[in-house]
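Below, each chain spelled out in residue letters.
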Amino acid sequence: MTTMPISFEVNAQPVSAEVEPRTHLADFLRESLRLTATHLGCEHGVCGACTVLIDGQPARACLALTVAVDGAQVRTLEGLADDPLMSRIKQAFHEHHGLQCGFCTPGMLISAWDLLRREPAPDEARIRVAMSGNLCRCTGYQGIVRAICAVAQTPA
Ligand code: FES
Ligand code: FES
């Protein structure tokens with residue numbers, strides 16, 4: 001099988017590897033780096049469970065070929081473990097029942113973090129639009145939206 005060399009950063013750590021051109025980033029993160037917070041749902045770019053940050057922008061790791069992120073900076077939920085804003089969002093999801101099975105949760109947390117980093121005080125309508133790329137099969141979204149509203153309405 002043909003492989004290609006890649007070098008990029010994951011959670012501020014340099015990574016170099018030989019990968020098959022067809023390997024998508026989510027598989028590489030999960031199977032080669034054991035960063036399993038990045039979940040795979042649809043693998044078609046629809047559900048948002050695989051959302052990570054590529055060069056600071058939210059992106060579907062199931063749609064990004066690993067060879068295409070050569071030279072990029074990738075951040076996963078593991079890389080935000082000590083981030084104060086992410087800690088507040090996680091606590092709010094816990095308090096407001098923002099998760100049930102938890103399958104969508106890593107992608108939800110990344111999208112919520114990206115929204116609140118760019119817009120610290122969005123209203124509920126804005127939150128619903130910003131989170132519309134992340135699907136949840138369990139919660140009915142109410143708790144998720146309440147959690148993000150709670151962070152938006154509480155000064156850091
Ligand atoms: S697994 Fe990537 S969008 Fe669903
Ligand atoms: S909590 Fe189960 S899919 Fe969202």
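The shown structure was predicted, so the numbers you read here are calculated from the model rather than taken from an experiment.

**Observations concerning the overall build of the protein chain**
- The helix and strand tally for the protein chain stands at five helices and five strands.
- Counting from the amino terminus, helix and strand elements in the protein chain follow one another as β-β-α-β-β-β-α-α-α-α.
- Counting only C-alpha atoms and orienting by the principal axes, one finds that the protein chain spans roughly 50 × 30 × 20 Å.
- The buried share of the protein chain, reckoned over its 156 residues, is 44%.
- Counting contacts in the protein chain only where the partners sit at least 6 residues apart, residues at least 24 apart contribute 54% of the total.
- Between the centroid of the 13 positive side chains of the protein chain and the centroid of its 16 negative side chains there is a distance of 7 Å.

**Focus on the packing of aromatic side chains**
- One pass over the full model with this rule turns up one aromatic pair.
- Relative to Phe28, the ring of Phe8 has its centre 5.9 Å away and its plane inclined at 45°; by these criteria the two rings are tilted. Residue Phe8 is found in strand S1 (residues 4–10), and its partner Phe28 is found in helix H1 (residues 25–32); the two are separated by 20 residues along the sequence. The pair Phe8 / Phe28 is uniform in exposure class, with both members buried.
- Positioned over the ring face of Phe103 is Arg137, at 5.8 Å from the centre of the ring.

**So, the domain arrangement of the protein chain**
- By domain assignment, the protein chain separates into domain 1 (4–79) and domain 2 (82–153).
- A C-alpha centroid distance of 22 Å is found between domain 1 and domain 2.
- At the junction of the two partners, domain 1 supplies 17 residues and domain 2 supplies 15 residues.
- Counting each side, the surface lost to burial between domain 1 and domain 2 is near 1200 Å², with a carbon and sulfur contribution of 63%.
- A per-residue breakdown of the area domain 1 buries against domain 2 is headed by His39, Thr51 and Leu77, which together make up 38% of the total.
- Between the two partners, domain 1 and domain 2, sit zero salt bridges.
- On the surface where domain 1 and domain 2 come into contact, there are five residue pairs in polar contact (both at pLDDT 80 or more).
- Elements supplying a minimum of two residues to the side of domain 1 that touches domain 2: strand S3 (51–54) and strand S4 (57–60).
- Top element by residues in the side of domain 1 that touches domain 2 is S3. It accounts for three residues.
- Here the side of domain 1 that touches domain 2 is composed, by residue class, of nine nonpolar, six polar and two charged.

Cut-offs and rules
- Residues numbered from 1 in each chain as written.
- Chains lettered and ligands numbered in written order.
- Predicted model: local features only at pLDDT ≥ 70, side-chain atom pairs only at ≥ 80, totals over all residues.
- Heavy atoms only, no water.
- Helix = DSSP H or I, 4+ residues; strand = E, 2+ residues; numbered from the N terminus.
- Buried < 20%, exposed > 50% of the residue type's maximum accessible area, 1.4 Å probe, protein only.
- Contact = heavy atoms within 4.5 Å.
- Lys, Arg positive; Asp, Glu negative; His and termini not counted.
- Charge placed at Lys NZ, Arg CZ, Asp CG, Glu CD.
- Phe/Tyr/Trp six-rings, centres within 6.5 Å; stacked < 30°, edge-to-face > 60°.
- Lys NZ or Arg CZ within 6 Å of the ring centre and 35° of its normal.
- Domains from an automatic or database assignment.
- Buried area = accessible area lost by both parts, 1.4 Å probe.
- Salt bridge = Lys/Arg side-chain N within 4 Å of Asp/Glu carboxyl O.
- Polar contact = N/O pair within 3.5 Å; in protein donor to acceptor, adjacent residues only side chain to side chain.
- Nonpolar A, V, L, I, M, F, W, Y, C, P; charged D, E, K, R; others polar.

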